[in-house]
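As a plain string of letters, each chain reads:
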Amino acid sequence: MVTTAVMGAGSWGTAFSIVVADAGNEVRLWGRREELCEVINRTHENPDYLPGIQLPETVVASHDEAEILRDAQVVVLAVPSQQLRENLTRWAPMLRDDAVLVSLMKGVELGTHKRMTEVIAEITGAGPERIAVVTGPNLAKEIARREPAASVVACEDAGVAGFLQKWCHTESFRPYTNTDVIGSELSGATKNVIALAVGVCDGLGYGDNSKASVITRGLAETTRLGVRMGADPMTFAGLAGLGDLVATCSSPLSRNRTFGQKLGEGMSAAQVAEQTRQVAEGAKSCTSIAELASLHGVDMPIVEHVRTLVNDEMTPDELVAALISREAKPEIR
Ligand SMILES: NC(=O)c1ccc[n+]([C@@H]2O[C@H](COP(=O)([O-])OP(=O)(O)OC[C@H]3O[C@@H](n4cnc5c(N)ncnc54)[C@H](O)[C@@H]3O)[C@@H](O)[C@H]2O)c1
Ligand SMILES: O=P(O)(O)OC[C@H](O)CO
């Protein structure tokens, strides 16, 4: 049994708590709002994010950060990517020196262009053997309902990845290890932006050819950036890459795909954001990833055009016309 702190009682933090508890661990779940923690402990349900789903009694919620983090061997970080830095700066002094820090987040920080594991390393001083990522085709509601799914546990230290694999392996959740943290993490952040573009196709009423084209070319540009940054190209063909891309781009449950659909139907990004309390990471990470690509001299036309759409510099129809009319080129180079 591993004493585990999950920092963030939103959809994925709560759903992943079920996984870790099912795998036989003690789970303390940190929630930002005290009243929600009280409801979770009384009803064993998170009505705001996963209504109707019973949590195991071994998941205990609290608003008290010091109590949650005390003696935690594994600390899971599940707040929105753009909010990690401010929260982790507060939590860092409360962490055990040997705690393993696991990111569930799929975003790239605005301004610094850092991946979440880079932010974690910078703030806590932890080495790569203490920092990991869980990513893959893992829509929170389906995982919480214990529908079968596979995932990736990525850590540069294969031994730690193996330890975490056992820590979260259940009858319905099957994690694979990977030592390619860059590729695993970049896949998760970028697929959110590609899902926005697929959602735009939905909003414009386009069918499966358009969406398959965006998914496939989206994977090509993600791989291009990842390889330039030192990732293993095979990671993009795996669960973190293709797997998550397919799940997110095809699911009505995806917040990013749905956000894009509303953009395609004519709403502005500000109007869509106003309608939901849940995070659609791609709406922010489109900017940081587009800038990251530019810094690395990599062409990412879909990400770049989503950035212009989200920032109201282009309409959905103009986005499609601009992508289709780009200079013709070979598929593979
Ligand atoms: N929902 C999924 O299916 C899913 C699956 C895999 C990965 N993820 C990733 O997990 C991360 C968290 O997503 P989620 O789905 O749990 O989001 P969510 O919107 O459902 O919940 C976000 C949580 O963060 C909290 N929060 C918001 N602002 C905060 C702040 N300033 N400080 C501290 N806490 C704050 C909210 O109260 C909430 O508990 C994202 O990076 C997302 O891409 C989500
Ligand atoms: O709902 P989304 O779009 O944030 O996607 C959720 C997960 O990342 C899917 O793996």
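Scoring rules and cut-offs
Residues numbered from 1 in each chain as written. Chains lettered and ligands numbered in written order. Predicted model: local features only at pLDDT ≥ 70, side-chain atom pairs only at ≥ 80, totals over all residues. Helix = DSSP H or I, 4+ residues; strand = E, 2+ residues; numbered from the N terminus. Buried ≥ 20, exposed ≤ 12 C-beta atoms within 10 Å, placed from the backbone. Contact = placed C-beta atoms within 7 Å. Axes fitted to C-alpha atoms, helices over the stretch in contact; angles between N-to-C directions. Parallel < 35°, antiparallel > 145°, perpendicular 65-115°, else oblique. Left-handed = near helix turned anticlockwise from the far one by under 90°. Near = placed C-beta within 6 Å. Nonpolar A, V, L, I, M, F, W, Y, C, P; charged D, E, K, R; others polar. Domains from an automatic or database assignment. Arc of directions from axis to C-beta. Pairing = 2+ DSSP bridges. Core = buried A, V, L, I, M, F, W, Y, C linked by C-beta atoms within 7 Å.

J.: Any chance you could explain the overall build of the protein here in plain terms?
T.: Looking only at helices and strands, one finds 15 helices and 8 strands in the protein. For the C-alpha atoms alone, the extent of the protein along its principal axes is close to 55 × 40 × 35 Å. For the protein, with 333 residues in total, the buried portion stands at 52%. Long-range contacts, defined here as pairs at least 24 residues apart, represent 71% of the contacts in the protein between residues at least 6 apart.

J.: Explanation requested: the packing of helix H8 (residues 181-203) against helix H13 (residues 282-295) in the structure shown.
T.: The geometry of a pair of packed helices is captured by two quantities: the angle between their axes and the separation between those axes. Between H8 and H13, the shortest axis-to-axis distance is 8 Å and the interhelical angle comes to 110°. Classified by the interaxial angle, the pair formed by H8 and H13 is roughly perpendicular. Considering the relative orientation of H8 and H13, their crossing is left-handed. Where H8 approaches H13, its residues Ala-189, Thr-190, Asn-192, Val-193, Ala-195 and Leu-196 are matched on the opposing element by Gly-282, Ala-283, Ser-285, Cys-286 and Ile-289.

J.: Can you walk me through the site of ligand 2 in this structure?
T.: The environment of ligand 2 is formed by Lys-106, Pro-137, Asn-138, Leu-139, Asn-192, Ala-195, Asp-244, Ala-247, Thr-248, Ser-254, Arg-255 and Asn-256. Taken together, the elements giving at least two residues each to the shell around ligand 2 come down to H8, helix H10 (239-250) and helix H11 (255-264). Ranked by the residues each element gives to the shell around ligand 2, the list is headed by H10, at 3 residues. For the shell around ligand 2, the residue count by class is 4 nonpolar, 5 polar and 3 charged. Each of domain 1 (3-179) and domain 2 (182-324) contributes no fewer than three residues to the shell around ligand 2.

J.: I keep staring at the site of ligand 1 and nothing clicks. Help me out?
T.: Taken together, 24 residues lie around ligand 1, and Gly-10, Ser-11, Trp-12, Met-105 and Ala-140 are the ones closest in. When grouped by side-chain class, the residues that make up the shell around ligand 1 number 11 nonpolar, 10 polar and 3 charged. Two domains each donate at least three residues to the shell around ligand 1, and these are domain 1 (3-179) and domain 2 (182-324).

J.: Teacher, can you tell me more about unusual backbone geometry here?
T.: Peptide bonds are, in most cases, trans, and in most cases residues other than glycine have a negative phi. Not every positive phi belongs to a glycine, and His-44 is a case in point at roughly 55°. Of note, His-44 is situated in the loop between helix H2 (34-43) and strand E3 (59-62).

J.: How do you make sense of helix H7 (residues 158-167) when you look at a structure like this?
T.: Helical periodicity: at 3.6 residues per turn, an α-helix aligns residues three or four positions apart in one direction. Those residues of H7 lying buried are Val-160, Ala-161, Leu-164 and Trp-167. Looking straight down H7, one finds that the buried residues subtend no more than 115° of arc, so they occupy a single side. Residues Ala-158, Gly-159 and Lys-166 are exposed on H7 and point more than 90 degrees away from its buried face. Lining the buried residues of H7 we find helix H1 (11-22), strand E4 (74-77), strand E5 (100-103), strand E6 (131-135), strand E7 (149-154) and strand E8 (173-178).

J.: Whenever I open this one, the sheet that holds E6 confuses me. Can you help?
T.: The strands making up a sheet associate through backbone hydrogen bonding, with each pair oriented either parallel or antiparallel. Reading across from one edge, E3-E2-E1-E4-E5-E6-E7-E8 is the order of the 8 strands in this open sheet, with mixed pairing throughout. Among the strands making up the open sheet, the edge pair consists of E3 and E8. Direction aside, the axes of adjacent strands within the sheet are offset by 25° on average. Seen against the sheet, H1 touches strand E1 (3-7), strand E2 (26-30), E3, E4 and E8 and runs at an angle of roughly 170° to E2. In the packing of H7 onto the sheet, the strands contacted are E4, E5, E6, E7 and E8, and the crossing angle to E8 comes to about 180°.

J.: Whenever I open this one, the environment of Ile-289 confuses me. Can you help?
T.: With respect to the helices and strands, the residue Ile-289 is situated in helix H13. Assessed through the 27 C-beta atoms surrounding it within 10 Å, Ile-289 is described here as buried. Not counting the four nearest positions on each side in its chain, Ile-289 is found in contact with Val-108, Ala-189, Thr-190, Val-193 and Val-303.

J.: I keep staring at the domain arrangement of the protein and nothing clicks. Help me out?
T.: How big an interface is tends to be stated in terms of accessible area lost as the parts join. Segmentation of the protein into domains returns domain 1 (3-179) and domain 2 (182-324). The straight-line distance from the C-alpha centre of domain 1 to that of domain 2 is 24 Å. Counting residues at the interface gives 25 residues for domain 1, matched by 29 residues for domain 2. Mapped by element, the contributors of at least two residues to the side of domain 1 that touches domain 2 are helix H5 (116-124), E6, E7 and E8. Here the residues of the side of domain 1 that touches domain 2 are counted per class, giving 11 nonpolar, 10 polar and 4 charged.

J.: Hey, could you run me through helix H14 (residues 301-310) in this one?
T.: With 8 of 10 residues buried, H14 is to be regarded as a mostly interior element. Of the residues making up H14, those classed as buried are Ile-302, Val-303, Glu-304, His-305, Val-306, Arg-307, Leu-309 and Val-310. Its buried side turned inward, H14 meets H8, helix H9 (208-228), H11, helix H12 (269-275), H13 and helix H15 (316-324). Backbone geometry just after H14 places Asp-312 at a positive phi near 60°.

J.: Mind showing me how you'd approach the nonpolar core here?
T.: Soluble globular proteins tend to pack their nonpolar side chains together in the buried interior. Judged by nonpolar contacts, the single largest core of 106 residues is most densely connected at Val-76, Leu-77 and Ala-132. Take this core: its biggest share by element is 12 residues, from H8. Split by domain, this core shows at least three residues from each of two domains, domain 1 (3-179) and domain 2 (182-324). Not counting residues within four places of it along the chain, the set of residues in contact with Ala-132 comprises Val-100, Val-102, Val-153, Ala-154, Cys-155, Val-160, Ala-161 and Leu-164.

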